[in-house]
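# Structural features, examined
If you want the building blocks of each chain, they are given just below.
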Amino acid sequence: EDKVVQSPLSLVVHEGDTVTLNCSYEVTNFRSLLWYKQEKKAPTFLFMLTSSGIEKKSGRLSSILDKKELFSILNITATQTGDSAVYLCAVPRRGSSNTGKLIFGQGTTLQVKP
Amino acid sequence: NAGVTQTPKFQVLKTGQSMTLQCAQDMNHEYMSWYRQDPGMGLRLIHYSVGAGITDQGEVPNGYNVSRSTTEDFPLRLLSAAPSQTSVYFCASRESGGFGEQFFGPGTRLTVL
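The paragraphs below set out a description of the structure included in this document. Residue positions within a chain follow its written sequence, with the count starting from 1. Each chain is given a letter, starting from A, and each ligand a number, starting from 1, according to the order in which they appear as written. Local features in a predicted model are, by the rule used here, given only for residues with pLDDT of at least 70; side-chain atom pairs are given and counted only at 80 or more, and totals for whole chains, interfaces and linings are based on all residues. To obtain the side-chain values, all non-hydrogen atoms of the structure were included, while hydrogens and water were left out.

What follows is about the overall build of chain A. Strands are runs of DSSP state E lasting at least two residues, helices are runs of H or I lasting at least four, and both sets are numbered from the N terminus onward. Along the backbone of chain A there are zero helices and 11 strands. Secondary structure elements of chain A, listed N to C terminal, follow the sequence β-β-β-β-β-β-β-β-β-β-β. Throughout, the radius of gyration refers to the C-alpha atoms, and the reference size of a globule is 2.2 Å times the residue count to the power 0.38. Against the compact-globule benchmark of 13 Å for 114 residues, chain A has a radius of gyration of 14 Å, which places it among compact chains. Seen through its C-alpha atoms, chain A measures out along the principal axes to roughly 45 × 30 × 20 Å. Burial analysis of chain A (114 residues in total) assigns 45% to the buried set. What makes two residues a contact is simply this: any of their non-hydrogen atoms within 4.5 Å. Intrachain contacts of chain A at a sequence separation of at least 6 include 54% that bridge at least 24 residues. Accessibility throughout is a Shrake-Rupley quantity obtained with a 1.4 Å probe, and a residue counts as covered only by protein chains that appear here. Total accessible area on chain A is roughly 5,600 Å²; 48% of this is exposed by carbon and sulfur atoms. Taken together, the 14 basic and 10 acidic charged side chains of chain A have centroids lying 6 Å from each other. Only protein chains enter the accessibility calculation, which uses a 1.4 Å probe; a residue is then buried when its area is under 20% of its type maximum, exposed when over 50%, and partly exposed in between. Only four residue types enter the tally: Lys and Arg on the positive side, Asp and Glu on the negative side; His and the chain ends are excluded. To locate a charge, take atom NZ for lysine, CZ for arginine, CG for aspartate or CD for glutamate.

Okay, structure coming up:
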């Protein structure tokens, strides 16, 4: 059965810390992995990863995919209170090449304290 | 572009009532989906559509109906609301081809008493 598992489920850090969020997946016909950030409302897109070993970077956030070991990590350096959110990892479902059906992990709730 | 819009933002229903959650997108996306989000469960797919006139079931379709008469609109109907349908509902759309970003609407928080 296709599944996406994130860890940890929750994390509390202080401003300035660096955090690493994990996402492991088991999906046949893997094509891509997506990271979203969700604050009080709808998820907003962060990264899409398709190739192993290539880091995607946006400011203090970066992500990398390991297709051999079937996981991705999301790093946030020099965390700020505005980084507090739920971070979601998602993978398109098997057989859903163009249907937009995503399997989501449970999410990691990050709280950054001042 | 307004992106993906949803109405209403909040709704309270009594058990057995029916209602329609509206979703519209102005990006000419072929693919649209409805998710529900419950604490500790992540996002779960209810129904999806690959284009006007075509819909299919997701992981948790029971108790919900959808239709797609136009590219822009993808309403979700609750036939007879139950307390188990208390949730936050998100509509999403993406363009055809590839495996990329889905754009989400702002969500509808539904409470069924």
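Right, picking up where we left off after that structure.
Through backbone hydrogen bonds, the strands of a sheet pair up, either in parallel or in antiparallel fashion. Residue and element names in this part refer to chain B. At least two bridges found by DSSP between two strands is the condition for calling them paired. The strand order β1-β3-β8-β7 describes an open sheet built from four strands, whose pairing is antiparallel. The open sheet is flanked by β1 (4–7) and β7 (64–66), the only strands paired with a single partner. Sheet twist, expressed as the average angle between the axes of neighbouring strands with direction ignored, equals 20°. As paired strands, strand β3 (residues 19–25) and strand β8 (residues 76–78) are joined by three bridges and run antiparallel to one another. Bridge pairing links Met19 to Leu78 in β8. In this analysis an axis means a line fitted to C-alpha atoms, helices contributing only their contacting stretch, and an angle means the value between N-to-C directions, from 0 to 180 degrees.

For the rest of this paragraph, the subject is the side chain of Asp83(A). Inspection of the secondary structure puts Asp83(A) in the loop between β8 (71–76) and β9 (85–92). Discounting residues that sit within four places of it in the chain, Asp83(A) has contacts with Lys37(A), Arg60(A), Ile76(A), Leu110(A) and Val112(A).

Looking now at the pairing of strand β6 (residues 54–57) of chain B. Residues and elements named next belong to chain B. When strand β5 (residues 42–51) meets β6, the two strands line up antiparallel, connected through three bridges. In the sheet register, Gly51 faces β6, and the bridge partner there is Ile54. The turn linking β5 back onto β6 is made up of two residues, and Gly53 within it adopts a positive phi angle of 85°.

In this assembly, 22 residues from chain A lie in contact with 22 residues from chain B. Each reported salt bridge corresponds to a side-chain nitrogen of Lys or Arg within 4 Å of a carboxyl oxygen of Asp or Glu. Our enumeration of links across chain A and chain B arrives at zero salt bridges. At the level of secondary structure, the elements contributing two or more residues to the side of chain A that touches chain B comprise β4 (33–38), β5 (44–49), β9 and β10 (102–104) of chain A. The dominant element in the side of chain A that touches chain B, judged by the number of residues it contributes, is β4(A), at three residues. Residues are grouped as follows: Ala, Val, Leu, Ile, Met, Phe, Trp, Tyr, Cys and Pro are nonpolar; Asp, Glu, Lys and Arg are charged; all remaining types, including Gly, are polar. In terms of residue class, the side of chain A that touches chain B is made up of 10 nonpolar, eight polar and four charged.

On to the environment of Gly82(A). All names here are of chain A. Structurally, Gly82 is set in the loop between β8 and β9. When the C-alpha atoms of Gly82 and Gln111 are compared, they prove to be 9.2 Å apart, with 29 residues separating the residues in sequence. When near neighbours in sequence (up to four residues on either side) are disregarded, Gly82 contacts Lys37 and Glu39.

Only rings of Phe, Tyr and Trp enter the pairing, Trp through its six-membered ring, and a pair is recorded when the two centres are within 6.5 Å. The plane angle decides the type: under 30 degrees is stacked, over 60 is edge-to-face, the rest tilted. Within this structure, the stated rule accounts for nine aromatic pairs over all chains. Ring centres of Tyr36(A) and Phe45(A) lie 6.0 Å apart, and the angle between their planes is 75°; this geometry places the pair in the edge-to-face category. Judged by relative accessible area, Tyr36(A) falls into the buried class, the value being 0%. Ring pairing ties together the aromatic residues Tyr36(A), Phe45(A), Phe104(A), Tyr35(B), Phe90(B) and Phe104(B), which thus form one cluster.

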